[in-house]
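# Summary of structural features
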Amino acid sequence: MSNPKTIKSALISVFHKDGLEPIVRKLNELNVTIYSTGGTENFIKDLGISVIPVDEVTSYPSILGGRVKTLHPKVFGGILNRQDNQSDAAELAEFNIPQIDLVIVDLYPFEKTVASGAPEQDIVEKIDIGGISLIRAAAKNFKDTFIVSSMDQYDRFLSILSENHGETTIATRKQFASKAFNISSHYDTAIFNYFNEDEIVYKASEQNSKVLRYGENPHQKGYFFGDLEAMFDKLHGKELSYNNLLDVDAAVNLINEFRGEAPTFAILKHNNACGFAQRETISQAYTDALAGDPVSAFGGVLIANTEIDVETAEKIHTLFCEVVIAPSFSEDALAILKGKKNRIILIQKDIELPTTTVRTCLNGSLVQDKDSITDKLSDLKYATENKPTQSELDDLLFASKLCKNTKSNTIILVKNKQLLAGGTGQTSRVDALNQAIEKANSFKFDLNGCVMASDAFFPFPDCVEIADNAGIKSVIQPGGSIKDQLSIDYCNENNISMVMTGIRHFKH
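Everything numeric here is computed off the predicted structure, so don't read it as measured data. Every chain's residues receive numbers from 1 upward, in the order its sequence appears when written. Reporting in this predicted model follows two pLDDT cut-offs: at least 70 for local features of residues, and 80 or more for side-chain atom pairs to be given and counted; totals over whole chains, interfaces and linings ignore these cut-offs and use all residues. Each side-chain value is derived from all of the structure's non-hydrogen atoms; neither hydrogens nor water enter the calculation.

## Examining the layout of surface pockets
The following threshold applies: With a 1 Å grid spanning the protein atoms alone, the term cavity applies to any set of points in which a 1.4 Å probe fits but cannot get out, the term pocket to an open set with protein on both sides within 12 Å along at least five of seven lines, and the term lining residue to any residue with an atom within 4 Å of a point. Grid points are joined across faces, edges and corners, and a volume is the space filled by probe spheres set on the points. Under the DSSP-based scheme used, a helix requires at least four consecutive residues in state H or I and a strand at least two consecutive residues in state E, with every element numbered from the N terminus. As a working rule, the residues Ala, Val, Leu, Ile, Met, Phe, Trp, Tyr, Cys and Pro are called nonpolar, Asp, Glu, Lys and Arg charged, and the rest polar, with Gly in that last group.
There is about 710 Å³ of room inside the second largest pocket. Forming the boundary of the second largest pocket are 21 residues, of which Ser149, Ser150, Asp152, Ile183 and Gln207 lie nearest the centre. At the level of secondary structure, the elements contributing two or more residues to the lining of the second largest pocket comprise helix H6 (110-115) and helix H10 (170-195). Among the elements that line the lining of the second largest pocket, the one with the most residues is H10, at 6 residues. Within the lining of the second largest pocket, the residues separate by chemical class into 8 nonpolar, 7 polar and 6 charged.

## As for helix H4 (residues 73-80)
Rules: Residue burial is assigned from relative accessible area. The probe radius is 1.4 Å, only protein chains are included, and a residue is buried under 20% of its type maximum, exposed over 50%, and partly exposed in between. We call two residues in contact when some of their heavy atoms are within 4.5 Å.
Taken as a whole, H4 has its buried residues at Lys74, Val75, Phe76, Gly78 and Ile79. The inward-facing, buried residues of H4 contact strand E2 (9-13), helix H3 (54-58), strand E5 (102-105) and helix H8 (130-140).

## Observations regarding the side chain of Ser36
The condition that has to hold: Under the rule applied, a polar contact is a pair of N or O atoms within 3.5 Å (in protein, one hydrogen donor and one hydrogen acceptor; residues adjacent in sequence only if both atoms are side-chain atoms).
Note on placement: Ser36 falls in strand E3 (residues 33-36). Given a relative accessible area of 0%, Ser36 falls into the buried group. Of the polar contacts made by the side chain of Ser36, one reaches the backbone nitrogen of Glu41; its length is 3.1 Å. Look past the residues within four positions of Ser36 in its chain and what remains in contact with it is Leu11, Ile12, Glu41, Ile44, Val51, Ile52, Pro53 and Val54.

## A short note on unusual backbone geometry
A cis amide bond links Ser408 to the next residue, Asn409, at an omega of -15°. As for its placement among the helices and strands, Asn409 is situated in the loop between helix H16 (390-404) and strand E19 (411-414). One non-glycine residue, Asn416, adopts positive backbone phi at about 55°. Within the secondary structure, Asn416 is located in the loop between E19 and strand E20 (419-423).

## Brief notes about the sheet that holds strand E14 (residues 321-326)
Selection criterion: Strand pairing is defined by DSSP finding a minimum of two bridges between the two strands. Note on geometry: axes are lines fitted to C-alpha atoms, helical ones only across the stretch in contact, with angles between N-to-C directions running from 0 to 180 degrees.
Reading across from one edge, E10-E15-E14-E13-E11-E12 is the order of the 6 strands in this open sheet, with mixed pairing throughout. Both edges of this open sheet fall to strand E10 (232-236) and strand E12 (272-278), since each of them pairs with a single strand only. The average angle at which neighbouring strand axes cross in this sheet is 20°, direction not considered. The pairing of E14 with strand E15 (residues 344-348) spans 4 bridges and is parallel. Counted as the bridge partner of Val324 is Ile345 from E15.

## Quick look at the nonpolar core
The line we're drawing: Side-chain atoms within 4.5 Å link the members of a nonpolar core, which is a set of buried Ala, Val, Leu, Ile, Met, Phe, Trp, Tyr and Cys residues.
By size, the foremost hydrophobic cluster in this structure holds 38 residues, and its most contacted members are Phe276 and Leu402. Non-local contacts of Phe276, meaning those with residues more than four positions away in its chain, are made with Leu254, Ile255, Phe258, Thr264, Phe265, Ala266, Ala289, Phe398, Leu402, Lys417, Gln418 and Leu419. Membership of the second largest hydrophobic core comes to 28 residues, among which are Val54, Val103, Val105 and Ile147.

## Quick look at the packing of aromatic side chains
To keep it simple, the criterion reads: Between the rings of Phe, Tyr and Trp (Trp by its six-membered ring), a pair exists once the centres lie within 6.5 Å; its type follows the angle of the planes, with under 30 degrees stacked, over 60 edge-to-face, and the other angles tilted. Here, a charge over a ring means that NZ of Lys or CZ of Arg falls within 6 Å of the ring centre while also lying within 35 degrees of the ring normal.
For the structure on display, the rule yields 12 aromatic pairs. Put simply, the rings of Phe110, Tyr187, Tyr194 and Phe195 pair up and form one aromatic cluster. If you follow Lys203 out to its NZ or CZ, it ends over the ring of Phe192, 5.5 Å from the centre. The positively charged end of Lys401 is found above the aromatic ring belonging to Phe258, 4.6 Å away from the centroid.

## Things to note about empty space enclosed by the protein
For the structure on display, the rule yields 2 cavities of 30 Å³ or more. Considered as a void within the structure, the largest cavity measures approximately 70 Å³ in volume. Lining the largest cavity are 13 residues, and of these Asp375, Ser400, Ser454, Ile476 and His505 lie nearest its centre. Taken as a whole, the second largest cavity encloses approximately 40 Å³ of empty space. Broken down by secondary-structure element, the contributors of at least two residues to the lining of the second largest cavity are H3 and H4. In terms of residue class, the lining of the second largest cavity is made up of 7 nonpolar, no polar and 1 charged.

Below, the structure is given as structure tokens:
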């Protein structure tokens, strides 16, 4: 049953007036009685359209500097009454309460005020009381009342008014009520998160959403909740997929470790770097990153920490890759990269990223601080008699950043700021090391003089022994095992340098 209702009266009280005029004019054309307050009332009067001030209905003025305007039984009775209830109808008549069929209201811009860095007093004043109450009341009574709760809904509502001559169905009213409760719950979540300092409560609300082609696999539905346009300027290519987004996230987190450093290039596949290098030019960085694993690079995600020029673009263009990301592209480079119609090209913007990570777990969620610690020279404890050279120290810290951003268990092998190989996502550290050595050897890398990074401590000396036999002569690891000394003793006996950071970097 459509339960049609014709709009005969409306209460309009909005903060944002943009786009409101066509609606007001259409309501006036349909002979709808309009009630309003404050600035909205003046806006409607300036259009030359008749409007009844709310204080004429309530016989009570706006008080407390505008804090209390619509909070009155004559307003909420008009919104919340059940039109098919004889008792409600009798009370409206007894107390001279006007029927209100439509409510158009929006909320003070609380989140924008917080983001602006305004003082707390200004932020508190942007906590809407009357607006949120009107939204909830009208949405609750969707059987009889229509709620328009955001300027984003103006175009759709105007079409409904125009096409149906002011008549609405219960299905449409319920749909707009759902949107209203979405807005009110998001608003309250933002306010709670601003005030909350002590309660261990997880509340999140994201209004921006995107339907993806599918999830991790074609039989799974997939969605992204967030503002990708704030993160990237998309210059070319198809839509990002669920798996693309996971790889892009891993790529951004990794390259951010090298922000402001010499030209650095990364190639990622399944959230892990398969190629990585830092050089004097971005072109050479790409060449040496690709050399790390030209097989896995096929279909990968590419990212640079500096502008991609023509020389680099020409090299990239010969590789099939899903996504290319950089802070900028030269005009000629962009023209080349656009030569593949599906290749996604993104300019990474400099924005602040979340400081927590969230994932579903069992019948709940796991929330943690992001691993924001990057190992620095000042953090290192020199555990062995033999100390690393300056060149080795540079490589050790380079490898540590890579290790932090690779799936555990992991071992990373680096030489001259180039990723030679990584063992990723293994169930034992020995397996991770053997995988890295085997992979490096398969691409004909000379491991003599390279360094090794581990995301967690060595419980036994087996890893340093395997590394020694492969030609690796310097190691960085967190330390912390009750058997650290076994690995230290082996290193001392075999002229291997080892530094410890004191910080584990598991990544699951």
